[in-house]
Amino acid sequence: MSAPVLAVDGLTVEFRTALGTVRAVDDLSFTIGEGETVAIVGESGSGKSTVALALLRLVPDPPGRIVAGRVRLDRQDLLTLDDAEIRKVRGRRMAMIFQDPMMALNPVYTVERQIGEVLRLHLGLPRQQVFDQVVELLRLVGVPAPEDRARQYPHNLSGGMRQRVMIAMALACKPRLLIADEPTTALDVTVQAQVLELIQELKSRLGMAVLLITHDLSIVAETAHRVIVMYTGRKVEEGATAEIFADPRHPYTGGLLGAAKWEENEGNELREIPGAVPSPFDMPRGCSFAPRCAVALARCREHAPALADVAPGRPVRCFVAQEAAR
Amino acid sequence: MRGLSTLWMRFRRNRGAVAGAVTLGLVVAAALVGPLLYPVDPFDMVGQPAQPPSASFLLGTDVAGRDILAGILNGARISLLIGVLASLAATVVGVAFGALAGYYGGWVDDVLMRVTEFFLTIPSFVLAVVVVAIFQPSVVTVTAAIAVVSWPSVARLARGEFIAQRGRDYVQGCRAIGMPDWEIILLQIMPNALPPVIVVSSLMVATAILTESGLSFLGLGDPNLVSWGYMIGVARTVLRTSWWMSAIPGAMILVTVLAINLVGEGLNDALNPKLRKR
Amino acid sequence: MRQASLLFLVRRLLQIVPVVLAIVALNFFLLRMAPGDVADILAGQMGHATAEFTQQLRQEFGLDRPLYQQFFIYMGKLLTFDLGVSHLQQTPVIVLILDRLPATLILMLTSVVLAVALGVVLGVAAARREGTIADSLISVLALVVYATPAFWLGLMLIVLFSIKLDILPSGGMIQIGAGLKGAAYALDVAWHLILPAATLALFYVAIYTRLMRASMLEVYGLDFIVTARAKGLSETAIAWTHALRNALLPVVTLAGVQFGHLLGGSILVETVFGWPGLGRLVFDALLQRDLNLLLGILFVSSAVVVSANLVVDLIYGLLDPRIVHK
């Protein structure tokens, strides 16, 4: 097998706050292969968005710091690059789209200016070619009347159009990896599907890898090849999407799936997993999920489980699941 | 009471604010007891004119042989008095305007805010100069002139607070039980709307002192009283030979205004801890 | 689009009318409130304050008519920009004012430009170095300058630069008797402008520095800054393009509002530096209790302020495309 596009190894991110140091991402490892879509799923507070920022080295410092691990993009370690070098990676070889396209676009610049900026910066495109290229990109992401749209400002566009603009911006330099952090959360349901479809289609057309970060398992099913479930900064389960859906091993994954199904059936946002993510300042001694877990054993409250394969390619961080597999 | 003690706790943690409070305390003390402990008439000619600071005259004498230290101590009284009185007057008028406009809304709001905006449009120092010039300079006219140019900003702020409060449940409740408007305004909403107003008013004392010094520098101070601005105006004629004569009163203004600003900001941060930048 | 702007301009100009009327009313009101009238003062100055002579003067100035008639006459005259006559100088007020206005405008405009430019640069520098010694130093300096009386600062600058160092002129607008023409004249004025403009500007530099710093820090917390970083832009580029343009809005607003205050400050600064502008005219009018002239100056300065606000509205529209002039 060829080398993965992205290889993350033992990534650990800490935040120093007045109340103490918090580990937002703890010893996280995963890979994404050529043309593959991997999803990181978890509730808010699981550290998934910090992962996205950490890959691009955009964790605000202070208070945040990447304290350990390696992030390799096409075998190049990103964490050892100097500032100028990492800037050449950002937006060119690894690009990102965000949750709320209204907030993520600068309100005082035109669409052309904001997309064109990337083209000028990374590809050194002369001014005259920038406009044509921007129009081309807008056409690629399915923005109608791209010549007109290019001259408009973000507030002139609908939410879906804005997200398409964001995608066009991210794809301007045909990156190797696209990180999509909750790309559809802020959008209408009908637009959500269109945007996901677009990302999928562009992925195969440009041959890039995609890291999809979401709290919503339902959008994962049709898009991702593999799913990583995160809880309190740690990976608790990983597997091929079909397997995860058919046979979730970690109780948290099961809970998320239950919640997802529940949402589908009832159209309600009520969470099915009881309780809430524990405060990072008040982590349980044992398994961090134990207080909310229906099947927790006495030992789950005392000791934190390690990640262990319960089947080939199915690491799970749960005593109960590991016990059952034995 | 609990609220006040946490306020004090937060205030105390702000080093600048504490330094400002101490400095301001010294200036206030100088104004209150200074002229009693150092009973020299600031208008008396006590020695040779334009003496630099020495043992007999700690801060020297001015162009007419008057004791500068006596002037500084008496000037502190005038500056603080006018500063505080003008801010108080501006606060009362501004809060009255803002409260009525914010509470009633509609045409009351329209009319009152038009008036406020109008006063914001007129260059404030020019208006103050004209008012004092027309009514002859005295403590009262100077105070009034400064109040006249200062109240609009208070009115705007108070209006905003009242608009924010008037929709709250407790106000609705008061209305429902038939409480008269004046009681709701004064006893119910006012205590909630006042903290930000207090911050702005305390900062306004500093601006008022600056304005007063400017007026008396132009010769628009009370002719019977010595003020810092007046002393600078007098000393200006001998700037070339005796620069310290202007420097001393100006430094006093600077220190006093800086101290008030530090205290005001400390108050602001203590009242709105969330707004503080890290 | 252009038509909308034009409409907006017309509407704004129409809005000025009530302001002008209110100022006229205030002027008139203040005039009537003054103890004694011009006739008294003038007669006193001329040394024959007999009742007949005073009455004769009143008749001449129209002060013997009923109040409402005086009001309408005053208003009628204003429509033709007739601000009355300075009875002491025997010259129309408008002539006296227009003679001095250019000098004041040069001083004010230079100061505004200086204050905004320096304030923006220092504010951005402080915000980018938040929490460092440089940031603290800038903030403390701003606080001190903010507490300094401008006229005193001017005197101290004269002491330093004119008396001790002897490198800048201590007053006036031109070198008397040099008879300079053209570029040499302009240069001479600029040379004389340095100290007064710096004096007038410094207080506002302090204000804008503080405001700009706060505004930049707020903008730095917005999502599109993360987007800009993810695009690979350098921190310098982000500060001066994406952040600056958004952070500038409150500063521009304040600069417009404070243009009027600047006029007040220029009275003091012009007095200190013997700058032959409106401020000096105010001072002279004060000494001579020439109320007609004082009120005329109040009127013209309000007009200047209203125009400045209009200009700011237009600049605002250029800076922020979201603002549509309705």
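All figures in this text were calculated on a predicted structure; none of them were measured in a lab. (Residues numbered from 1 in each chain as written. Chains lettered and ligands numbered in written order. Predicted model: local features only at pLDDT ≥ 70, side-chain atom pairs only at ≥ 80, totals over all residues. Heavy atoms only, no water.)

**Here we look at the overall build of chain B**
Heads up, the condition is: Starting at the N terminus, helices and strands are each numbered in turn, a helix being any DSSP run of H or I of at least four residues and a strand any DSSP run of E of at least two. In this description, contact between two residues means that some pair of their heavy atoms is separated by no more than 4.5 Å. The Shrake-Rupley method, run with a 1.4 Å probe, gives the accessible areas here. Residue values count only the displayed protein chains as cover.
The secondary structure content of chain B amounts to ten helices and zero strands. Reading the secondary structure of chain B in the N-to-C direction produces α-α-α-α-α-α-α-α-α-α. For the C-alpha atoms alone, the extent of chain B along its principal axes is close to 75 × 45 × 35 Å. Across chain B, every contact between residues at least 6 apart in sequence was considered, and the portion connecting residues at least 24 apart equals 72%. In the form shown here, chain B has an accessible surface area of approximately 12700 Å², with 66% of it arising from carbon and sulfur atoms.

**Quick notes on the sheet that holds strand β2 (residues 20-32) of chain A**
Strand pairing in a sheet takes place through backbone hydrogen bonds and is either antiparallel or parallel in direction. Residue and element names in this part refer to chain A. The criterion, for reference: At least two bridges found by DSSP between two strands are what make those strands a pair. Fitted lines through C-alpha atoms give the axes, limited to the stretch in contact for helices. The angle between two N-to-C directions lies from 0 to 180 degrees.
What the four strands build is an open sheet, ordered β2-β1-β4-β5; its pairing is antiparallel. Taken across any chain shown, the strands that pair with only one partner, and hence form the sheet edges, are β2 and β5 (76-77). Two elements, strand β4 (residues 64-73) and β5, share two bridges in a ladder whose sense is antiparallel. Bridge pairing links L73 to Q76 in β5. Sheet strands touched by helix α1 (residues 48-55): β1 (6-17), β2 and β4. Its angle to β1, the strand with the most contacts, is close to 110 degrees.

**Notes on the pairing of strand β3 (residues 37-41) of chain A**
Across a regular strand the side chains alternate sides, sitting on one face of the sheet and then on the other. The line we're drawing: Note on classification: 1.4 Å probe, protein chains only; a residue is buried when its accessible area is under 20% of the maximum for its type, exposed when over 50%, partly exposed between these limits.
Most of β3 of chain A sits inside the fold, with five of its five residues counted as buried. Side chains of β3 of chain A alternate between two faces, with T37, A39 and V41 of chain A and V38 and I40 of chain A buried alike.

**Let's talk about the pattern of salt bridges**
To keep it simple, the criterion reads: Note on definitions: salt bridges are taken to be side-chain nitrogens of Lys or Arg within 4 Å of carboxyl oxygens of Asp or Glu.
For the coordinates displayed, the defined rule picks out 25 salt bridges over all chains. A salt bridge links R23 of chain A to D26 of chain A, with the nearest nitrogen and oxygen atoms 3.3 Å apart. The class of R23 of chain A is partly exposed, set by a relative accessible area of 43%. R213 of chain C is paired through a salt bridge with D135 of chain C; the nearest N and O atoms lie 2.7 Å apart.

**Examining the packing of aromatic side chains**
Using the following cut-off: Aromatic pairs are defined between Phe, Tyr and Trp rings, using the six-membered ring for Trp, whenever the two ring centres lie within 6.5 Å; interplanar angles under 30 degrees are classed as stacked, those over 60 as edge-to-face, and all others as tilted.
A complete count under the given rule lists eleven aromatic pairs over all chains for this structure. With a centroid separation of 5.2 Å and 90 degrees between ring planes, the pair formed by Y231 of chain A and F289 of chain A is classed as edge-to-face. Of this pair, Y231 of chain A sits in strand β9 (residues 226-231) while F289 of chain A sits in the loop between α11 (251-266) and α12 (298-302), and the two are 58 residues apart along the sequence. Judged by relative accessible area, which is 1%, Y231 of chain A ranks as buried. The class of F289 of chain A is buried, set by a relative accessible area of 3%. Ring centres 5.2 Å apart and planes at 90 degrees place the aromatic pair F203 of chain C and Y204 of chain C in the edge-to-face group.

**Some points on the interface of chain A and chain C**
To keep it simple, the criterion reads: The term buried area denotes the loss of accessible surface (1.4 Å probe radius) that occurs when two parts are joined, taken as the sum for both partners. Polar contact is the term for a pair of N or O atoms within 3.5 Å; when the atoms are in protein, one must be able to donate a hydrogen and the other to accept it, and sequence-neighboring residues count only if both atoms are side-chain atoms. Amino acids are sorted into nonpolar (Ala, Val, Leu, Ile, Met, Phe, Trp, Tyr, Cys and Pro), charged (Asp, Glu, Lys and Arg) and polar (every other residue, Gly among them).
Counting from both sides, the interface comprises 26 residues of chain A and, opposite them, 19 residues of chain C. Roughly 2000 Å² of surface becomes buried between chain A and chain C when both sides are summed, with 65% attributable to carbon and sulfur atoms. For the pair chain A and chain C, the number of links is one salt bridge. Across the pair K231 of chain C and E117 of chain A runs a salt bridge, and its minimum N-O distance is 2.6 Å. The interface formed by chain A and chain C contains ten residue pairs in polar contact (both at pLDDT 80 or more). Looking at the side of chain A that touches chain C, the elements with two or more residues in it are β6 (94-97), α3 (101-104), α4 (111-123) and α7 (159-171) of chain A. In terms of residue count, α4 of chain A provides more of the side of chain A that touches chain C than any other element does, six residues in total. Residue classes in the side of chain A that touches chain C are distributed as 17 nonpolar, five polar and four charged.

**Things to note about the interface of chain C and chain B**
Facing 49 residues of chain C, the contacting portion of chain B comprises 39 residues. Taken over both partners, the interface formed by chain C and chain B buries close to 4000 Å², and the fraction arising from carbon and sulfur atoms is 78%. Sorting the residues of chain C by area buried against chain B places A147, F151 and W152 of chain C first, and these three jointly supply 13% of that buried surface. Taken together, chain C and chain B are joined by one salt bridge. Between E265 of chain B and R210 of chain C there is a salt bridge, with the nearest N and O atoms lying 2.1 Å from each other. Our enumeration of links across chain C and chain B arrives at four residue pairs in polar contact (both at pLDDT 80 or more). Elements that contribute at least two residues to the side of chain C that touches chain B include exactly α1 (2-33), α6 (133-146), α7 (150-164), α8 (182-220), α11 (259-273), α12 (278-287) and α13 (291-319) of chain C.

**Considerations on a nonpolar patch on the surface**
All names here are of chain B. Keep this limit in mind: Here a patch means residues that are over 30% exposed by relative accessible area and free of salt bridges, tied together within 9 Å if like-charged and within 5 Å if nonpolar (Val, Leu, Ile, Met, Phe, Trp, Tyr).
On the surface, a nonpolar cluster with roughly 500 Å² of combined accessible area is contributed by V28, L32, V33, L36 and L37. For L37, the location among the structural elements is in helix α2 (residues 15-37). Looking at L37, the relative accessible area reads 69%, which means it is exposed.

**Observations regarding the environment of A230 of chain C**
Counting through the fold element by element, A230 of chain C comes out in helix α9 (residues 223-230). The class of A230 of chain C is buried, set by a relative accessible area of 4%. For the pair A230 of chain C and L249 of chain C, spaced 19 residues apart in sequence, the C-alpha separation works out to 25 Å. Those residues in contact with A230 of chain C that lie beyond four places of it in its chain are L56, L58, R90, G91, M94, M96 and F98 of chain A.

**What to know about the arrangement of the chains**
In this assembly, two pairs of chains are in contact, and the pair contributing the most contacts is chains B and C. At no point do chain A and chain B touch; the closest pair of C-alpha atoms across them sits 10 Å apart.

**Concerning the packing of helix α10 (residues 243-271) of chain B against α6 of chain C**
Just so we agree on the cut-off: In what follows, roughly perpendicular refers to angles from 65 to 115 degrees, roughly parallel to angles under 35, roughly antiparallel to angles over 145, and oblique to any angle outside these ranges.
Two elements in contact, α10 of chain B and α6 of chain C, have axes whose closest approach is 8 Å; the angle formed by their N-to-C orientations is 120 degrees. Put simply, α10 of chain B runs oblique to α6 of chain C. Between α10 of chain B, through L254, L258, N261, L262 and E265 of chain B, and α6 of chain C, the contact on the second element is made entirely by L143, V144 and Y146 of chain C.

**Looking at the environment of D247 of chain A**
All names here are of chain A. Note on placement: D247 falls in the loop between α10 (241-246) and α11. Residue classification places D247 among the partly exposed positions, given a relative accessible area of 34%. Apart from the residues lying within four places of it in its own chain, the contact partners of D247 are E237 and R314. In this structure the side chain of D247 is engaged in a polar contact, spanning 2.9 Å, whose partner is the side chain of R249.

**Topic: the nonpolar core**
Applied cut-off: Residue types Ala, Val, Leu, Ile, Met, Phe, Trp, Tyr and Cys, when buried and joined through side-chain atoms within 4.5 Å, form a set referred to as a nonpolar core.
L127 and L215 of chain B together with I97, M212 and M216 of chain C are the most contacted members of the largest nonpolar core, which totals 164 residues. Per-element tally for this core: the top contributor is α8 of chain C, with 16 residues. Here M212 of chain C is in contact with G119, V120, G123, V124, L244, A247, L248 and V251 of chain C, once residues within four sequence places are set aside.

**As for helix α8 (residues 181-217) of chain B**
Our working definition: A helix is expected to span 1.5 Å for every residue after the first. We define the bend at any residue as the angle between the axes fitted to the seven residues before and including it, ending there, and the seven starting there.
Given a rise of 1.5 Å per residue, 37 residues ought to cover 54 Å, yet the end C-alpha atoms of α8 of chain B are separated by just 45 Å, more than 12% below that figure. Along its length, α8 of chain B shows its largest kink, about 65 degrees, at M190 of chain B, and proline P191 of chain B lies within four residues downstream of that point.

**Quick look at the environment of V5 of chain A**
Residues and elements named next belong to chain A. Looking at the element boundaries, V5 is found in the segment before β1. Expressed as a C-alpha distance, the spacing of V5 and A209, which sit 204 residues apart in the sequence, is 7.1 Å. Setting aside its immediate chain neighbours within four residues, V5 contacts I32, G33, E34, R72, L73, D74, R176, L177 and A209.

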